[in-house]
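Chains, contacts and geometry: an overview
Each chain is listed here by its residues.
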Amino acid sequence: MSRPTHLDRLRERLVKDERRAPFLALSGSGQLGNGVLEKAFRAGLARGPHSIGADMGSVDPGPNYLGSGRMAASDTIARQDLALLLEGARAHDIPLLVGSAGTAGARPHLDHTLAMVRDIARERGLHFRLASIAADLPREVVKAAIRRGAVAPIGAIDALTEAEVDGASHLVGQMGIEAFQRALAAGADVVIAGRACDTAVFSAIPAALGYPIGPAMHMAKIIECCSIACMPGGRDAALGTLDDAGFTMESLNPDRHATPLSVAAHSLYEQADPYTVSEPEGMLDVRNARYLALDAHRCRVEGAVWVPAARPSVKIEGASRVGERALLLAGCADPTAIARIKTILPEVEQVVRSIVAGDYRMYFRVYGIDGVVDWPKPPVVPPREVFILGEVIADTADLAKAATTVLKQYLLHHGFPGRVSTAGNVAFPITPPEVQVGTAYRFSAYHVMQVEALEPLFPVTVEDV
Amino acid sequence: MKLVDCARVIRSKNAGPTTLTLDLMFEDDAGFRQALASPSLTPAALAPLYGVPEADVDVVPYAPAFAIKIVLPRKVIAGAPGDRDVYGAQQHGPLLGVEL
């Protein structure tokens with residue numbers, strides 16, 4: 001006979017006569033693989049949580065990880081973090097849900113994370129039912145959705161084309177609570193998911209147990225970054241305590257305080273709209289949320305509303321190769337050259353193009369002038385020094401290297417009116433000052449797709465380890 | 001008064017790779033209301049600071065945190081060739097000189 005699932009057992013423990021006892025959700029990490037602070041995490045385990053969730057990925061670090069299939073975190077720290085959470089979850093026999101495996105949550109990231117989980121289980125003698133959920137979208141499904149007008153851009157990006165869908169090296173969708181609930185219904189102790197909404201790892205279980213989805217989703221949104229929603233903010237584990245009317249947020253580091261202001265302010269973080277959050281199954285509306293201090297350390301939140309979607313939707317992320325990238329690193333402390341730098345660089349680029357044939361792109365960022373911000377006006381006082389980052393992207397690494405090395409030499413010796421420092425225009429901080437940094441990618445898809453059903457897009461696979 | 005002298009937080013970050021969001025947080029409701037009333041924090045005044053059309057700038061008041069959110073399209077999608085700030089975490093500079 002099969003043993004009861006975690007959902008069955010939690011329902012048995014927490015739900016009586018349609019009333020629910022407080023549900024304790026432990027947020028282990030907002031960026032699993034970058035180092036979990038062990039003291040706060042263990043303090044969370046000591047509170048007897050009903051589940052552990054952790055987010056492992058994001059679109060924030062840029063398109064390289066989704067494009068290349070590589071993980072942003074180091075293997076060493078990712079293993080260390082996974083081991084800490086796996087041992088904690090198994091010691092307390094509570095479910096562990098990890099979303100957006102391996103940074104970008106595509107097949108290679110998921111496989112790499114699963115391999116680490118199996119290794120850790122073998123090394124430490126842990127046995128559990130492991131579910132994995134893939135997030136790679138079948139290209140034909142997305143192309144068919146484009147043809148029926150069911151795909152729309154999110155923000156400033158062109159409409160998605162079938163050619164971009166075919167050209168993406170990886171294409172994923174953000175799964176919601178539904179996929180995690182299927183994995184738990186299949187008896188999973190540990191769920192490792194590909195690309196997922198940050199909220200799903202915390203809200204899937206309480207939503208399945210009948211807690212109101214509005215507060216459950218709001219709690220998930222607040223605790224997913226751990227103690228960032230505190231004053232002062234930090235990365236220590238956080239605990240959400242959910243009941244039928246709302247939730248309480250607290251940090252597991254006693255020096256970080258969840259105040260009404262710090263928790264309310266978290267709704268602004270990395271959100272275009274502080275009042276709503278779109279999820280595959282609906283929309284969280286926090287317009288009427290109330291934030292109350294329980295004491296100096298804990299904040300009580302009530303009033304979030306869940307608006308179910310008439311039809312589900314999935315955020316699509318895709319990344320495509322642009323070319324091979326090489327960089328030139330150079331500094332300059334010559335006032336005459338700095339005053340003319342915005343003229344000198346295009347002049348040198350022209351010389352490079354007259355020598356190195358072929359198709360390549362060249363970019364310059366002049367730190368001290370406009371390396372970081374595309375300022376509407378140049379600086380009033382020119383800087384004493386500038387740093388010049390030259391960038392070449394070409395179809396082959398050879399061509400990128402050729403253009404960068406010629407750029408280096410001609411920038412060093414470029415002649416211009418009023419030049420005093422005739423032995424060289426720039427200082428190279430290292431040798432060689434031209435470096436090849438691998439393949440460059442771009443986001444080719446950041447869109448939302450209306451779908452009939454979520455289940456077929458996010459298949460669950462179960463194994464016993 | 002300069003914005004930088006009355007705001008507690010002036011920060012920028014991506015809201016996804018296509019959108020930049022700037023958060024201004026004030027000490028109290030009075031500071032928040034004063035800033036919200038300023039003509040310097042309207043889409044018309046902010047658009048030229050970031051070189052985007054006025055119609056592309058959203059200004060969203062968020063009273064629960066005494067905050068004003070400014071939302072802009074990114075001119076370059078995060079991490080695409082020519083980008084200068086993949087996370088968008090250093091795009092607050094043009095706001096530091098704003099007089100309320």
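As shown above, the structure is provided for reference.
The structure contained in this document is the topic of the report that follows.

When its secondary structure is counted, chain A shows 14 helices and 21 strands. Across its three principal axes, chain A shows a C-alpha extent of roughly 85 × 50 × 45 Å. A sequence separation of at least 24 residues applies to 77% of the contacts in chain A between residues at least 6 apart. Only carbon and sulfur atoms are counted for the fraction: they give 53% of the accessible area of chain A, which is about 18800 Å². Averaging the positions of the 46 positive and the 53 negative side-chain charges in chain A gives two centres separated by 1 Å.

All names here are of chain A. All told, the structure shown has three aromatic pairs over all chains when counted by the stated rule. Aromatic side chains F23 and Y211 sit 5.8 Å apart centroid to centroid with 65° between the ring planes, which places their arrangement in the edge-to-face category. Highlighted residues: F23 in strand β3 (residues 23–29) and Y211 in the loop between α9 (200–208) and α10 (213–223), separated in sequence by 188 residues. This pair shows no difference in class: F23 is buried, exactly as Y211 is. Lying across the ring of Y275, R287 places its NZ or CZ 4.3 Å from the centre. One Lys or Arg, K408, reaches over the ring of F428 and ends 5.8 Å from the middle of that ring.

Residue and element names in this part refer to chain A. In total, this model carries three cavities of 30 Å³ or more according to the counting rule given. Approximately 90 Å³ is the volume attributed to the largest cavity. Lining the largest cavity are G28, S29, G30, Q31, N34, G35, V36, L37, C225, C226 and R235. Of the residues belonging to the lining of the largest cavity, the class tally is four nonpolar, six polar and one charged.

Moving on, we get to the sheet that holds strand β9 (residues 190–193) of chain A. Picture the strands of a sheet paired through backbone hydrogen bonds; they go either parallel or antiparallel. Residue and element names in this part refer to chain A. Sheet architecture is open: ten strands sit in the order β14-β15-β11-β10-β3-β4-β5-β9-β6-β21, paired in mixed fashion. Every other strand in the sheet has two partners, leaving β14 (290–293) and β21 (460–464) as the edge strands with one partner each. Sheet twist, expressed as the average angle between the axes of neighbouring strands with direction ignored, equals 20°. Pairing between β3 and strand β4 (residues 51–57): four bridges, direction parallel. Bridge assignment links S27 to a residue of β4, and that residue is G53. Against the sheet, helix α4 (residues 75–92) engages β4, β5 (96–103) and β9, with an angle of about 165° to β4. Strands β4, β5, β6 (129–133), β9 and β21 of the sheet are contacted by helix α5 (residues 107–124), whose axis makes an angle of about 170° with β6.

We now examine unusual backbone geometry. Residues and elements named next belong to chain A. With an omega dihedral of -10°, the bond running from M231 to P232 counts as a cis peptide bond. The topology assignment puts P232 in the loop between α10 and β10 (238–242). A cis amide bond links T431 with the next residue in sequence, P432, at an omega value of -5°. The phi dihedral of E18 is positive, around 65°, even though this residue is not glycine. Note on placement: E18 falls in the loop between β1 (15–16) and β2 (19–20). Of note in the backbone geometry, E270 takes a positive phi value of approximately 55° without being a glycine. Along the chain, the position of E270 falls in the loop between α11 (260–266) and β12 (276–279).

The next point concerns the pattern of salt bridges. Residues and elements named next belong to chain A. For the structure shown, the criterion picks out 42 salt bridges over all chains. Here R321 and E324 are joined by a salt bridge, their closest N and O atoms 3.1 Å apart. Taking the relative accessible area as the measure of exposure, E324 reaches 15% and is therefore buried. Members of the salt-bridge network, linked through shared partners, are R3, R9, R90, D93 and D189.

Residue and element names in this part refer to chain A. Taking 1.5 Å of rise per residue, the 16 residues of helix α14 (residues 397–412) would be expected to cover 22 Å, and the 23 Å separating its terminal C-alpha atoms lies within 8% of that figure. If you check which residues of α14 are buried, you get L399, A400, A403, T404, V406, L407, L411 and L412. Those residues of α14 that are buried are in contact with β17 (313–332), α13 (341–355), β18 (360–367), β19 (386–394) and β20 (434–450).

What follows concerns the interface of chain A and chain B. If you look at the interface, chain A gives 40 residues, while chain B gives 42 residues. The contact between chain A and chain B buries some 3200 Å² in all, and 63% of this surface belongs to carbon and sulfur atoms. Looking only at chain A, the three residues that lose the most surface to chain B are A156, L261 and L268 of chain A, adding up to 18% of its buried area. Inspection of the chain A/chain B interface yields four salt bridges. The residue K13 of chain B makes a salt bridge to E270 of chain A at a minimum N-O spacing of 2.5 Å. The greatest single-element share of the side of chain A that touches chain B, amounting to four residues, is contributed by β20 of chain A.

Residues and elements named next belong to chain B. If you walk across this open sheet you meet the four strands as β1-β2-β4-β3, and the pairing is antiparallel. On the outer flanks of this sheet lie β1 (7–14) and β3 (58–62), each paired with one strand and no other. If you compare each strand with its neighbour and ignore which way they point, the axes differ by 15° on average. With five bridges joining them, β3 and strand β4 (residues 67–73) adopt antiparallel strand pairing. The partner of D58 across the bridge, within β4, is V71. In this fold helix α2 (residues 29–36) packs onto β2 (19–26), β3 and β4, with an angle of close to 40° to the strand it touches most, β4.

This paragraph deals with the nonpolar core. In this structure, F180 and M249 of chain A are the most contacted members of the largest nonpolar core, which totals 92 residues. Ignoring anything within four residues of it in the chain, the contact list for M249 of chain A reads I222, I223, C226, A229, C230, A238, L239, A258, V263, H297, R298 and C299 of chain A.

Rules and cut-offs
Residues numbered from 1 in each chain as written. Chains lettered and ligands numbered in written order. Predicted model: local features only at pLDDT ≥ 70, side-chain atom pairs only at ≥ 80, totals over all residues. Heavy atoms only, no water. Helix = DSSP H or I, 4+ residues; strand = E, 2+ residues; numbered from the N terminus. Contact = heavy atoms within 4.5 Å. Areas by Shrake-Rupley, 256 points an atom, 1.4 Å probe, with all protein chains shown as cover. Lys, Arg positive; Asp, Glu negative; His and termini not counted. Charge placed at Lys NZ, Arg CZ, Asp CG, Glu CD. Phe/Tyr/Trp six-rings, centres within 6.5 Å; stacked < 30°, edge-to-face > 60°. Buried < 20%, exposed > 50% of the residue type's maximum accessible area, 1.4 Å probe, protein only. Lys NZ or Arg CZ within 6 Å of the ring centre and 35° of its normal. 1 Å grid on protein atoms, 1.4 Å probe; cavity = no way out; pocket = protein on both sides within 12 Å on 5 of 7 lines; lining within 4 Å. Points joined across faces, edges and corners; volume = space filled by probe spheres on them. Nonpolar A, V, L, I, M, F, W, Y, C, P; charged D, E, K, R; others polar. Pairing = 2+ DSSP bridges. Axes fitted to C-alpha atoms, helices over the stretch in contact; angles between N-to-C directions. Salt bridge = Lys/Arg side-chain N within 4 Å of Asp/Glu carboxyl O. Expected span 1.5 Å × (residues − 1). Buried area = accessible area lost by both parts, 1.4 Å probe. Core = buried A, V, L, I, M, F, W, Y, C linked by side-chain atoms within 4.5 Å.

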